[in-house]
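In case you want the letters, here they are:
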Amino acid sequence: MDQPLQCFLYPRSRYYGQVKPEQLIFNANLQEFALRVEYISGLHTGGRLSSNDALNQIDQLWHQLERSRQQLRIGISEGGG
């Protein structure tokens, strides 16, 4: 796939947070989540996906994002709490 088309289909925003590997990975996961929710919403709006299916898919994506956050230990304090 050529670069302009890839940038159009899979846009990425610049990262402004702490530059740590786990933060960068989570940021990429978060952007992927947002892009996929956008596609699901478009399919739902266009009548290609039912409300139930759209909600179920977004719920699955949310759980994947939450698992990645936990695995990367994002938002978990150093003191174990």
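The paragraphs below set out a description of the structure included in this document. Think of each chain on its own: its residues are numbered from 1, step by step along the sequence as written. This being a predicted model, a pLDDT of at least 70 is required before a residue's local features are given, and a value of 80 or more before pairs of side-chain atoms are given or counted; all residues contribute to the totals for chains, interfaces and linings. Here the side-chain values reflect all heavy atoms present in the structure, with hydrogen atoms and water set aside.

### So, the side chain of serine 68
The topology assignment puts serine 68 in helix α3 (residues 51–72). Each polar contact in these results corresponds to two N or O atoms within 3.5 Å; when the atoms are within protein, one needs to be able to donate a hydrogen and the other to accept it, and residues that are neighboring in sequence are counted only if both atoms are side-chain atoms. Here the side chain of serine 68 touches leucine 65 through a polar contact of 3.0 Å, landing on its backbone oxygen. Contact definition: two residues touch when any of their heavy atoms are within 4.5 Å. If we skip the residues at most four places from it in the chain, serine 68 touches Phe26 and Asn29. For helices the rule is a DSSP run of H or I covering at least 4 residues; for strands it is a run of E covering at least 2, with both sets numbered from the N terminus onward.

### Comments concerning the side chain of asparagine 27
If you trace the backbone, asparagine 27 turns up in helix α2 (residues 21–45). Think of it in three bands: with a 1.4 Å probe and only protein chains considered, a residue is buried below 20% of the maximum accessible area for its type, exposed above 50%, and partly exposed in between. Overall, asparagine 27 belongs to the buried group, its relative accessible area being 17%. When near neighbours in sequence (up to four residues on either side) are disregarded, asparagine 27 contacts Ser13 and Tyr15.

### Quick word on the packing of aromatic side chains
Pairing of aromatic rings covers Phe, Tyr and Trp, the last counted by its six-membered ring, and requires centre-to-centre distances within 6.5 Å; plane angles under 30 degrees mean stacked, over 60 mean edge-to-face, and any other angle means tilted. The tally for this structure, following the rule as stated, stands at one aromatic pair. Seen in terms of ring centroids, phenylalanine 33 and tryptophan 62 are 5.8 Å apart; in terms of plane orientation they differ by 65°. Their pairing is edge-to-face. On the criterion of sequence distance, the pair formed by phenylalanine 33 in helix α2 and tryptophan 62 in helix α3 is long-range, its members being 29 residues apart.

### Here's the deal with α3
Here the expected length of a helix is defined as 1.5 Å per residue gap, with one fewer gap than residues. Here α3 contains 22 residues, and its C-alpha end-to-end distance of 31 Å stays within 8% of the 32 Å for a straight helix at 1.5 Å per residue. For α3, the complete set of buried residues consists of Ala54, Leu61, Leu65 and Ser68. Axial view of α3: buried residues confined to an arc of 60°, hence all on one face. Of the residues in α3, the exposed ones pointing more than 90 degrees away from the buried face are Asn52, Leu55, Gln60 and Gln71. Where α3 is buried, its residues meet α2. Working note: the arc is built from the helix axis to C-beta atom directions.

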